Amino acid sequence: MTQPLQLSPETAIKLSKELGVPLEHLMHMPKHILLQKIAELATKNAANEPKGDTDK
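This write-up is about the structure you can find in this document. (Residues numbered from 1 in each chain as written. Predicted model: local features only at pLDDT ≥ 70, side-chain atom pairs only at ≥ 80, totals over all residues. Heavy atoms only, no water.)

Details of helix H1 (residues 9-19)
Thought 1: Taken together, the buried positions of H1 are Ala12, Leu15, Ser16 and Leu19. Within H1, the buried residues cover an arc of 100° as seen down the axis, which keeps them to one side. Residues of H1 that are exposed and point over 90 degrees away from its buried face: Glu10, Lys14 and Lys17.
Thought 2: Where H1 is buried, its residues touch helix H2 (23-27) and helix H3 (31-48). (Buried < 20%, exposed > 50% of the residue type's maximum accessible area, 1.4 Å probe, protein only. Helix = DSSP H or I, 4+ residues; strand = E, 2+ residues; numbered from the N terminus. Arc of directions from axis to C-beta. Contact = heavy atoms within 4.5 Å.)

Here it is, written out as structure tokens:
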């Protein structure tokens, strides 16, 4: 059995909300699946950002 992911509580809660995954599932999710979901989330967020908004 794999060990739970080592994330800060703040990061775990934010990822859980953003990905729509219960916190307990997130902490025991295989690392490669979590990285895939984070990449999908980043792609989705990049597509939703306006192109001319570079002053962040």
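Topic: the nonpolar core
Thought 1: Within the largest apolar cluster, ten residues are counted, these being Leu5, Ala12, Leu15, Leu19, Val21, Leu26, Met27, Met29, Leu34 and Leu41.
Thought 2: Taken together, the elements giving at least two residues each to this core come down to H1, H2 and H3.
Thought 3: When residues in this core are grouped by element, the largest group, three residues, is from H1.
Thought 4: If near-sequence neighbours (up to four positions away) are discounted, Met29 is found in contact with Leu5, Val21, Leu34 and Lys37. (Core = buried A, V, L, I, M, F, W, Y, C linked by side-chain atoms within 4.5 Å.)

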